[in-house]
Amino acid sequence: MVGVLIRMRLSVARHSLRREQVITSVGKFLMGLLAAGLTIGLAAGDFRTDAITADMVALAFLAWFICWIVVPMLAGGGDETLRPEHFSLLPITSRQLAVGLLGIAFIGPGFVVTLVAGIALVVLGSGLGTAAVVVAVPALVLQTVFLVLLARVVIAGLGAALRSRRGRDIALLLVAFICVCGFLLRYPIQSLGPSVIRGEAPVFSTVLHVLPSGWATSAVEAAGRSDWLVAVGALLGLAALVAGLLLAWAPLIERRTTTRSASGRYQRTRSGVLTRLLPKNPLGAVAYKEILTWSRDARRRAVLVTSLAALPGAVVPALSGIEQLLPFGGMFVLALACAETSNLYGLDGSGMWHTMLAPNSTRADVRGRQLAWTLVVAPFCVALTLVLTAISGLAWAWPWVLALLPALVGGCSGAVVLLSVIAAYPVPKNSDNNPFTSGTNPHYMQLSIIPLLIAMVGPALALLIQGAVTGNMVLSWLAVPVGVLTGAVMAWLCGRIACQKLEEGAVELFGVVRQGV
């Protein structure tokens, strides 16, 4: 069973991978190898004692433990090339299917990178004696299997919980909370790091070794001092965790293949305010439909989580003593939201067929999406920017904010529809069950937003810099109307180009986005 599924996975990858996906995958793999190299470097580091070295290795594996939980959720729910639903009609048990799908996880780059990072255990053991090296080998294998399987079980558990709208919203808030905690943990780690290196944090050291992510390190360290009870106990504990996760994964797979998804029915929305504010024409109808979709589709809200989770990054400069960057935090979130949500037609999937059938609907569809995106995303980012600027107390920042913010709002509203047309990618239909499964995103295509961002802020930024250099406040305040004009022009121009591209290549675009069905 395992061999058959592995061959299927390799065959699908061989026939479906495109050049841009290969480039993205190679880039991620190299970054992973860099992180693995840093982990090995910690194990080979020249610290004061072997105990401190073991603590640093355990801390590194704690980071790997967290990444294996968080990254698959943010990156689309892991590898969904072969889904359990594909095998629901075959005469195999859920446990057999779980073992087969686990075998697929061991042929991915994540497994290879984690296995390389595990070499740090062997390096650590080489400084503690032959017995520690011998124990490091099974510890390396068990730890790698544990991390890979843990990620699969977490994603499967979330997928089972996300069959209701409320469950999806709770999961989105959970991911946002984890991202916020990741930013905020930077400060206690910075203050605690020197104490760990000096060996002056015994409680923290104990916690590192008690957590499952530190059991492999504990086994190697215990073997080095001939404490075989701890060494064997840690290895048996890892083996028990692997067995328990495998037993837990099978029922989750069975539930996924047998439980009916949420119907997706919603209560009638009170639309009085929207219908009064939006124009009474096809453009207003598209905008109204899009706003309702943003409020109801868990996949779109999941896409927004990544950008909104960067909110602590806008506040971090103030906590780090770099208040000069604080007024620009909201604009950073706005630009990131534009890049993350620029797959509107991919999220619609085969629903794009309605746009193709309606005569002369291209312009209304593009402009309506622009208006809806602006109403959904821009108010939060604008309010955040103004609040952060006021909190910073920097009077010189107001011309910069009032000039760059309208340029970005208008430009991003145009860029999001333009990228949605020229850089669309398919989103699996079953991602309704798991909103984190958002398809294979060719990230390098989203880098097209960089020249667009430069065009948005370029004219106003030139005046602002010249005004700051010469001390001429007239030039600085002159940048405000220039920024407003630039935002309006970029919104109109990008939208017009998107309309032309959509009219010329609607069939090709539909062929791309419907692959997720």
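Cut-offs and rules
- Residues numbered from 1 in each chain as written.
- Predicted model: local features only at pLDDT ≥ 70, side-chain atom pairs only at ≥ 80, totals over all residues.
- Heavy atoms only, no water.
- Helix = DSSP H or I, 4+ residues; strand = E, 2+ residues; numbered from the N terminus.
- Contact = heavy atoms within 4.5 Å.
- Core = buried A, V, L, I, M, F, W, Y, C linked by side-chain atoms within 4.5 Å.
- Buried < 20%, exposed > 50% of the residue type's maximum accessible area, 1.4 Å probe, protein only.
- pLDDT = per-residue confidence, 0-100.
- Polar contact = N/O pair within 3.5 Å; in protein donor to acceptor, adjacent residues only side chain to side chain.
- Patch = residues over 30% accessible without salt bridge, like charges linked within 9 Å, V, L, I, M, F, W, Y side chains within 5 Å.
- Areas by Shrake-Rupley, 256 points an atom, 1.4 Å probe, with all protein chains shown as cover.
- Salt bridge = Lys/Arg side-chain N within 4 Å of Asp/Glu carboxyl O.
- Phe/Tyr/Trp six-rings, centres within 6.5 Å; stacked < 30°, edge-to-face > 60°.
- Lys NZ or Arg CZ within 6 Å of the ring centre and 35° of its normal.
- Expected span 1.5 Å × (residues − 1).
- Bend = angle between axes of the 7 residues up to and from the residue.
- Axes fitted to C-alpha atoms, helices over the stretch in contact; angles between N-to-C directions.
- Parallel < 35°, antiparallel > 145°, perpendicular 65-115°, else oblique.
- Nonpolar A, V, L, I, M, F, W, Y, C, P; charged D, E, K, R; others polar.

### Quick word on the overall build of the chain
Secondary structure summary: the chain contains 24 helices and zero strands in total. A separation of at least 24 residues holds for 81% of the contacts in the chain among residues at least 6 apart in sequence.

### A look at the nonpolar core
In globular proteins that are soluble, nonpolar side chains generally tend to be buried together. Judged by nonpolar contacts, the single largest core of 54 residues is most densely connected at Trp64, Leu101, Leu121, Phe146, Leu149, Val220 and Trp249. Within the residue set of this core, elements represented by two or more residues are helix H2 (19–43), helix H3 (50–74), helix H4 (94–105), helix H5 (109–117), helix H6 (119–126), helix H7 (130–161), helix H11 (215–224) and helix H12 (228–258). Here the element with the most residues in this core is H7; it accounts for 14 residues. The residues touching phenylalanine 146, leaving out its near neighbours within four places in the chain, are Phe65, Pro212, Leu238, Leu241, Val242 and Leu245. Membership of the second largest hydrophobic core comes to 53 residues, among which are Leu418, Met456, Ala460 and Leu475.

### Some points on the confidence of the model for the chain
Mean pLDDT over the chain stands at 77; residues scoring 70 or higher make up 73%. Least confident of the elements in the chain is helix H22 (residues 443–446), whose mean pLDDT is 54; most confident is helix H21 (residues 397–422), at 90. Segment residues 262–270: pLDDT under 50, and nine contacts once partners within four positions in sequence are set aside and those in other chains are kept.

### A closer look at the side chain of threonine 389
Of note, threonine 389 is situated in helix H20 (residues 362–392). In this structure the side chain of threonine 389 is engaged in a polar contact, spanning 2.7 Å, whose partner is the backbone oxygen of threonine 385. In contact with threonine 389, not counting residues within four places along its chain, are Pro327, Leu394, Ala397, Trp398 and Val401.

### Focus: a nonpolar patch on the surface
A contiguous nonpolar surface patch, about 450 Å² in accessible area, is contributed by Leu485, Val489, Trp492, Leu493 and Ile497. Position of valine 489 relative to the elements: it lies in helix H24 (residues 473–513). For valine 489, a relative accessible area of 40% puts it in the partly exposed group.

### What to know about the packing of aromatic side chains
Considering all chains together, one arrives at three aromatic pairs under this definition. Seen from their ring centres, phenylalanine 65 and phenylalanine 146 are 6.1 Å apart, and the 20° between their planes marks the pair as stacked. Of the two residues, phenylalanine 65 is situated in helix H3 and phenylalanine 146 in helix H7; the sequence distance between them amounts to 81 residues. Phenylalanine 146 carries the same exposure label as phenylalanine 65, and that label is buried. Note on phenylalanine 328 and tryptophan 400: the rings are 6.4 Å apart at their centroids and 85° apart in plane angle, and the pair reads as edge-to-face. Here phenylalanine 328, found in the loop between helix H16 (311–319) and helix H17 (329–340), pairs with tryptophan 400, found in helix H21; they are 72 residues apart in sequence, far enough to count as distant. Through pairs of rings, three or more aromatic residues link up here, namely Phe328, Trp396 and Trp400. Between arginine 369 and the ring centre of tyrosine 345, over which it is positioned, the NZ or CZ distance is 4.2 Å.

### Some details on helix H23 (residues 449–470)
With 22 residues, H23 ought to run about 32 Å at 1.5 Å a step, and its terminal C-alpha atoms sit 31 Å apart, in line with that. Of all bends in H23, the biggest is about 50°, found at glycine 458, and the proline proline 459 comes one to four residues later. Listing the buried residues of H23 in full gives Ile449, Leu452, Met456, Val457, Ala460, Leu463, Leu464 and Gly467. A positive backbone phi angle near 75° is found at glycine 471, which sits one or two residues after H23.

### A short note on unusual backbone geometry
Here the phi dihedral of serine 226 falls at roughly 65°; this positive angle occurs in a residue that is not glycine. Residue placement: serine 226 occurs in the loop between H11 and H12.

### A closer look at the pattern of salt bridges
The tally for this structure, following the rule as stated, stands at five salt bridges. A salt bridge links arginine 369 to aspartate 365, with the nearest nitrogen and oxygen atoms 3.0 Å apart. Here the residue arginine 369 and the residue aspartate 365 both occupy positions in helix H20, the gap between them amounting to four residues, near one helical turn. Taking relative accessible area as the criterion, arginine 369 reaches 1% and is therefore assigned buried. Taken together, the shared-partner salt bridges in this structure form one network comprising Lys289, Glu290, Asp348, Asp365 and Arg369.

### Topic: the packing of H17 against H21
A packed helix pair is summarised by two numbers, namely the angle formed by the two axes and the spacing between the axes. Orientation of H17 relative to H21, taken along the N-to-C sense of each, is 10°, at an axis distance of 10 Å. One finds that H17 runs roughly parallel with respect to H21. Contacts between H17 and H21 involve Met331, Leu334, Ala335 and Cys338 on the former and, on the latter, Val401, Leu404, Leu405, Leu408, Val409, Cys412, Ala415 and Val416. Broken down by class, the residue content of the contact of H17 with H21 amounts to twelve nonpolar, no polar and no charged.

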